[in-house]
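Close look at the chain arrangement
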Amino acid sequence: IIGIHRRLPQARIIIQSQIDAPAIDWRSSTRVGDAYDRICFLESELGFRHIRHPLSQEEFDHLLSSLSLVLLPHDPDTYEDQTSGILSDALGANVIPVVTKGTWMAEQLAAVPDSMRLVAEFSSMSFINCVVRFARVPEEFQRHYADFAQVWYKQNSAEVLIDQIL
């Protein structure tokens, strides 16, 4: 967050975490608790928006429609073979996803030209570099991803899934 803020002070940063959700006992994890404390500190220092609760579908749709870029720093050890609905949601809303190398989401973006693919190592600096790349030519990224999303949705439609099952 600090790296993005320093390199792109005009960027509007929104973090949505479900750390305050009742099912998550973050207090039992020092790592998660420390991250939460840092986010709260940075929120007050840098003035970005931190949404601390799960969003309703309406809130989620509204938030997604206001974004240009979404960072999806999923742990590759956990998400190597797991799907993630936020990728589909982002592509459907014409929001550019930045995903982690070694995840199912990164595999899904394989058809995006290398120069336009925003796949980061599982590190903050790698994600910052992807954001900076996007910020240099956002219209070019948006054009490539709009074309990619149409093809991706055709290949991953309910009809294709039904045909594969049958």
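Structural data are supplied above this passage.
All values reported here derive from a predicted model rather than from experimental measurement.

Each value, and the rule that gives it
Residues numbered from 1 in each chain as written. Predicted model: local features only at pLDDT ≥ 70, side-chain atom pairs only at ≥ 80, totals over all residues. Heavy atoms only, no water. Phe/Tyr/Trp six-rings, centres within 6.5 Å; stacked < 30°, edge-to-face > 60°. Helix = DSSP H or I, 4+ residues; strand = E, 2+ residues; numbered from the N terminus. Buried < 20%, exposed > 50% of the residue type's maximum accessible area, 1.4 Å probe, protein only. Patch = residues over 30% accessible without salt bridge, like charges linked within 9 Å, V, L, I, M, F, W, Y side chains within 5 Å. Areas by Shrake-Rupley, 256 points an atom, 1.4 Å probe, with all protein chains shown as cover. Salt bridge = Lys/Arg side-chain N within 4 Å of Asp/Glu carboxyl O.

By the definition in use, this model includes three aromatic pairs. Consider the rings of Tyr145 and Phe148, whose centres lie 6.2 Å apart with planes at 75 degrees: the pair is edge-to-face. Of the two residues, Tyr145 and Phe148 are both situated in helix H8 (residues 138–155); the distance of three residues between them amounts to about one turn of the helix. The burial state of Tyr145 is the same as that of Phe148; both residues are buried. Taking 5.2 Å as the distance between ring centres and 90 degrees as the angle between the ring planes, the aromatic pair formed by Trp152 and Tyr153 counts as edge-to-face.

Taken together, the side chains of Leu161, Ile162, Ile165 and Leu166 make up a nonpolar region of the molecular surface, amounting to roughly 480 Å² of accessible area. Tracing the chain through its elements places Leu166 in the segment after helix H9 (158–165).

Inspection of every chain in the model, using the stated rule, returns two salt bridges. In this structure, Glu121 and Lys101 form a salt bridge, with 3.3 Å as the shortest nitrogen-oxygen distance. Taken as a pair, Glu121 in the loop between strand E5 (119–120) and helix H7 (124–136) and Lys101 in the loop between strand E4 (96–100) and helix H6 (104–108) lie far apart in primary sequence, 20 residues in all. Owing to a relative accessible area of 42%, Glu121 belongs among the partly exposed residues under this scheme. Taking the shortest distance from any N to any O, the salt bridge between Asp114 and Arg117 comes out at 2.7 Å.

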